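# Examination of the molecular architecture
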Amino acid sequence: IAEQMHKSWTSVPRVTNFDDADVTELERIRLSSKDDYAEKGIKLTSLPFLIKAVAMSLRAHPAVNATVDMANDQIVYKEYVNVGIAVDTERGLVVPSLRSADEMSIPDIARALAQLAENVRTNNFTLGDLQGSTFTISNLGAIGGTYSTPIINIPEVAILLVGRARKMPIVLDDKIEIRLMMPLSLSYDHRLVDGATAARFLNDVMGFLKAPSRLLLAP
């Protein structure tokens with residue numbers, strides 16, 4: 001991990017975009033559904049919604065779901081969406097890969113996350129479980145904090161760090177409303193992803209989070 005972080009820091013020209021997603025409606029849906037999930041032994045957090053939003057947005061922005069192969073002068077666009085989930089454990093950082101996340105429903109993702117968490121807790125995973133991701137999410141909000149500048153998990157070209165959602169006064173239709181806002185920090189490899197592409201990708205993620213019914217109906 002240390003070698004990968006050093007290589008990422010010294011070889012990738014990184015830029016970070018910061019923004020806030022309105023997750024007021026998402027939280028309402030989550031709270032109304034969490035008891036149903038709890039009966040099946042699954043703790044429903046906002047993370048499955050975020051993963052689905054990211055996965056759907058990656059399908060629409062292939063440059064963010066690619067790798068840069070400098071040795072062969074190639075850009076490799078992935079035909080699949082595997083989302084790595086950075087997990088803080090007693091042994092250090094572990095990043096299992098949630099494969100084909102774009103093809104999974106919110107319940108499927110929630111169940112898969114519960115299984116991943118159990119595997120991490122019991123040290124029941126292999127090296128293969130940590131490989132193959134095309135994009136990484138780091139959930140700082142589970143611990144606390146708002147924004148940060150996450151280091152890209154090379155050879156991926158982007159990583160999204162999510163902070164703890166908090167209530168903020170937001171101006172809507174010239175009126176001030178209290179909305180639940182989720183801080184997002186997107187770091188990306190500027191060799192492939194430019195600022196406009198990163199902004200469009202992040203806008204799509206925020207659009208899905210603001211209107212979570214689109215995620216529930218997504219194919």
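Here's what I pulled together on the structure shown here. (Residues numbered from 1 in each chain as written. Predicted model: local features only at pLDDT ≥ 70, side-chain atom pairs only at ≥ 80, totals over all residues. Heavy atoms only, no water.)

A few words now on helix 3 (residues 47-60). One turn of an α-helix holds 3.6 residues; hence residues three or four places apart share an orientation. With 14 residues, helix 3 should reach 20 Å at 1.5 Å per residue; the first-to-last C-alpha distance of 20 Å fits that figure. The element helix 3 is extensively covered by neighbouring structure, given that twelve of its 14 residues are classed as buried. Every buried residue of helix 3 is accounted for by Leu 47, Pro 48, Phe 49, Leu 50, Ile 51, Lys 52, Ala 53, Val 54, Ala 55, Met 56, Ser 57 and Leu 58. (Helix = DSSP H or I, 4+ residues; strand = E, 2+ residues; numbered from the N terminus. Expected span 1.5 Å × (residues − 1). Buried < 20%, exposed > 50% of the residue type's maximum accessible area, 1.4 Å probe, protein only.)

Residues Ile 51, Phe 135, Ile 137, Leu 184 and Leu 209 are the most contacted members of the largest nonpolar core, which totals 52 residues. The element best represented in this core is helix 3, accounting for nine residues. When neighbours within four sequence positions are excluded, Phe 135 is seen to be in contact with Val 54, Leu 58, Val 64, Asn 82, Val 83, Gly 84, Glu 156, Ala 158, Ile 159, Leu 160, Leu 186 and Phe 201. (Core = buried A, V, L, I, M, F, W, Y, C linked by side-chain atoms within 4.5 Å. Contact = heavy atoms within 4.5 Å.)

This next bit is on the pattern of salt bridges. Under the counting rule described, the total for this entry stands at nine salt bridges. Notably, a salt bridge pairs Arg 166 with Asp 20, separated by 2.8 Å at the nearest N-O pair. Of this pair, Arg 166 sits in strand 9 (residues 166-172) while Asp 20 sits in strand 1 (residues 14-22); the two residues are 146 residues apart in sequence, bridging distant segments of the chain. Note that Arg 30 is salt-bridged to Glu 27, the shortest N-O span being 2.9 Å. Of this pair, Arg 30 and Glu 27 both sit in helix 2 (residues 24-38), three residues apart, roughly one helical turn. A network of salt bridges, in which partner residues are shared, links Asp 22, Glu 177 and Arg 179. (Salt bridge = Lys/Arg side-chain N within 4 Å of Asp/Glu carboxyl O.)

Considering all chains together, one arrives at two aromatic pairs under this definition. Judged by centre distance (5.9 Å) and plane angle (85 degrees), the rings of Phe 18 and Tyr 147 are edge-to-face. Within this pair, whereas Phe 18 is found in strand 1, its partner Tyr 147 is found in the loop between strand 7 (135-139) and strand 8 (158-162), the two being separated by 129 residues in sequence. Plain terms: the ring middles of Phe 135 and Phe 201 are 5.6 Å apart, the flat faces sit at 55 degrees to each other, and that makes the pair tilted. With a gap of 66 residues between them, Phe 135 in strand 7 and Phe 201 in helix 5 (residues 195-210) connect regions that are remote in the sequence. Among the residues examined, Phe 201 registers a relative accessible area of 0% and is labelled buried. (Phe/Tyr/Trp six-rings, centres within 6.5 Å; stacked < 30°, edge-to-face > 60°.)

Look at helix 3 against helix 4 (residues 106-121): their axes get within 9 Å of each other, and the N-to-C directions meet at 120 degrees. Crossing hand, helix 3 versus helix 4: right-handed. On helix 4, the residues touching Leu 47, Pro 48, Phe 49, Ile 51 and Lys 52 of helix 3 are Ile 106, Ile 109, Ala 110 and Leu 113. Considered class by class, the residues forming the contact of helix 3 with helix 4 number eight nonpolar, no polar and one charged. (Axes fitted to C-alpha atoms, helices over the stretch in contact; angles between N-to-C directions. Left-handed = near helix turned anticlockwise from the far one by under 90°. Nonpolar A, V, L, I, M, F, W, Y, C, P; charged D, E, K, R; others polar.)

The analysis is restricted to geometry; functional conclusions fall outside its scope.
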